[in-house]
Amino acid sequence: MTDDRPAWARRIAAERQARDWSQRDAVRALRAHAPTELPTDDSMIRQWKRWESGQTPNDFYQPIIAAVFGTVTHALFPAPSRRDGNKEILAASGMETLEIVSRLNRSDVDGATLDALRITTDRLCSEYPFMPSGQLLIEGRQWLRRVVDLHTKSLTLAQHREVLALSGWLALLVGCVEYDSGDRHAAESTRRAALSLATESDHGEVAGWAHEMRAWFALTTGDYRGVITAAQAGADAAPHHGVAVQLAGQEAKAWARLGDRRQVEVALDKGRRLLEGMPYPENLDNHFVVDPAKFDFYSMDCYRLVGEDQLARTLAEEVLRAGTDFDGTERSPMRNAEARVTLGVAAAREGDLEQALIHGERALEGDRQSVPSLIMTSRELAAVMRQRYSTEPAAQDYLNHLQDLGREKPGFLPS
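Residues numbered from 1 in each chain as written. Predicted model: local features only at pLDDT ≥ 70, side-chain atom pairs only at ≥ 80, totals over all residues. Heavy atoms only, no water.

Trainee: When you look at the overall build of the protein chain in this model, what are you seeing that I'm missing?
Mentor: The number of helices and strands found in the protein chain is 21 helices and zero strands. In summary, the protein chain has a C-alpha radius of gyration of 23 Å against a globular reference of 22 Å for 415 residues, a match within 12%. A principal-axis box enclosing the C-alpha atoms of the protein chain has dimensions of 70 × 55 × 40 Å. With 415 residues in all, the protein chain has 53% of them scored as buried. (Helix = DSSP H or I, 4+ residues; strand = E, 2+ residues; numbered from the N terminus. Rg over C-alpha atoms; globule rule 2.2 N^0.38 Å. Buried < 20%, exposed > 50% of the residue type's maximum accessible area, 1.4 Å probe, protein only.)

Put into structure tokens, the structure is as follows:
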């Protein structure tokens, strides 16, 4: 039989079961998070049953249910899409690339040209999750050079700051792709350039993302205290922007690897509260927008590391569901890869080597990869393999595959 309930209904049932809660336990947790008195337990249990069967909770209950499961409202109950993806971004500029470049060659710059550059920058940042890294790197660098060249034109003070900010966003994008591709030193230089541009333009959000990149670099090279320091610097620079949520997520990942479960929960709760209070993003595709579903991705990583396999598996399945279109096309291949590693770790810990290897190898197959992040999480699966299956030939094949990947990008393996 097929389960035709909405995804959120299946998820709250799975989340409850992953915690070994009865429906009465779930109602107790709901009551603990509610801002006001709720009806009697028997009434609320009947209501919970209706929710799990697919009856949509009202606006009062949705954020409380999300808080019960440590997530945010729009991760559990997605809002209707406000945009039609990249086609709308491209159409909104009203200009082809050739016309934009032609306008950039003039001695002065008008508002329409800057609008077109903003939309082009947004488009490039929205293509980060799926465009082949080599192609995106070429395009990103080309546009960064074009925008930087605008500093030689006649600009007003406001236009000058706008050009600096656009240069900063493009530098952030280029730096991310450089790091994904294995060019660690170039990525750090580009990140520093973005931070300098943010300082010159007094742009806190670009500065916050430059610090977030530093936290990401530190996380994937094993400098966990460096992650926490960078996360604090970024939060100070951009306390009210979405990047503060991602910084809290990176901090939680670092605490998980340091083995401090309490600090993991503190950091995740900080990020969850920040995100719950922010407006729903207009463009979920932009890499520098923290979409609600990404918070489940942070939590998945943390729960895997602290050994909460049931919760980690439930969240990994949700990450895969959210990151895959109805026709099987992967919208978020890099997140999906790490979700598959999480499923592999859970299977390996449960003694299912075959499933662990299927998930582990599938994670390494994608064309669009963040190599340092993939190596970092795959090493965790490798550690379980070595501990439990060191004499199994199939496990050795996986370890050799991972070692080959590490040799290709040696700068990402901590000493």
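Trainee: For this particular structure, what's the right way to read the nonpolar core?
Mentor: Here is a general trend for soluble globular proteins: nonpolar side chains tend to be buried in one another's company. Of all hydrophobic cores here, the largest spans 74 residues; its most connected members are Tyr128, Leu172, Leu173 and Phe288. Counting residues per element, this core draws most heavily on helix 10 (residues 157-181), at 11 residues. Formed by 23 residues, the second largest nonpolar core is a distinct cluster that contains Ala348, Leu353, Leu399 and Leu405. (Core = buried A, V, L, I, M, F, W, Y, C linked by side-chain atoms within 4.5 Å.)

Trainee: I tried to follow the side chain of Arg257 on my own but got confused; where do I start?
Mentor: Considering the arrangement of structural elements, one finds Arg257 in helix 14 (residues 243-258). A relative accessible area of 15% places Arg257 in the buried class. Within the structure, Arg257 has its side chain in polar contact with the side chain of Asp301 (distance 2.9 Å). One polar contact links Arg257 to Glu380, side chain to side chain, over a distance of 3.0 Å. Setting aside chain neighbours within four positions, we find Arg257 in contact with Leu219, Tyr224, Asp301, Arg304, Leu305, Met376, Thr377 and Glu380. (Polar contact = N/O pair within 3.5 Å; in protein donor to acceptor, adjacent residues only side chain to side chain. Contact = heavy atoms within 4.5 Å.)

Trainee: Quick question: what am I supposed to make of the layout of surface pockets here?
Mentor: Any empty space left between the atoms is revealed when a probe the size of a water molecule rolls over them. Estimates place the volume of the second largest pocket at around 360 Å³. Around the second largest pocket, the lining comprises 16 residues; the ones closest to its centre are Pro279, Tyr280, Pro281, Glu282 and Val289. Taken together, the residues that form the lining of the second largest pocket break down as eight nonpolar, four polar and four charged. (1 Å grid on protein atoms, 1.4 Å probe; cavity = no way out; pocket = protein on both sides within 12 Å on 5 of 7 lines; lining within 4 Å. Points joined across faces, edges and corners; volume = space filled by probe spheres on them. Nonpolar A, V, L, I, M, F, W, Y, C, P; charged D, E, K, R; others polar.)

Trainee: How do you make sense of the packing of helix 1 (residues 7-18) against helix 3 (residues 41-53) when you look at a structure like this?
Mentor: Working note: a packed helix pair is described by the angle between its axes plus the distance between those axes. Two elements in contact, helix 1 and helix 3, have axes whose closest approach is 7 Å; the angle formed by their N-to-C orientations is 125 degrees. By the angle between their axes, helix 1 is oblique relative to helix 3. Residue-level inspection shows Trp8, Ala9, Ile12, Ala13 and Arg16 of helix 1 in contact with helix 3, the latter providing Trp48, Trp51 and Glu52. Its residues placed into classes, the contact of helix 1 with helix 3 shows six nonpolar, no polar and two charged. (Axes fitted to C-alpha atoms, helices over the stretch in contact; angles between N-to-C directions. Parallel < 35°, antiparallel > 145°, perpendicular 65-115°, else oblique.)

Trainee: Just checking my understanding: could you explain the confidence of the model for the protein chain for this structure?
Mentor: Predicted coordinates in regions of low pLDDT should not be interpreted in detail. With 90% of its residues at a pLDDT of 70 or more, the protein chain shows a mean pLDDT of 87. Low pLDDT, under 50, characterises residues 82-94; the predicted model gives this stretch 23 contacts beyond four residues in sequence or across chains. Below pLDDT 50 for its whole length, residues 410-415 participates in 13 contacts with residues either more than four positions away or in separate chains. (pLDDT = per-residue confidence, 0-100.)

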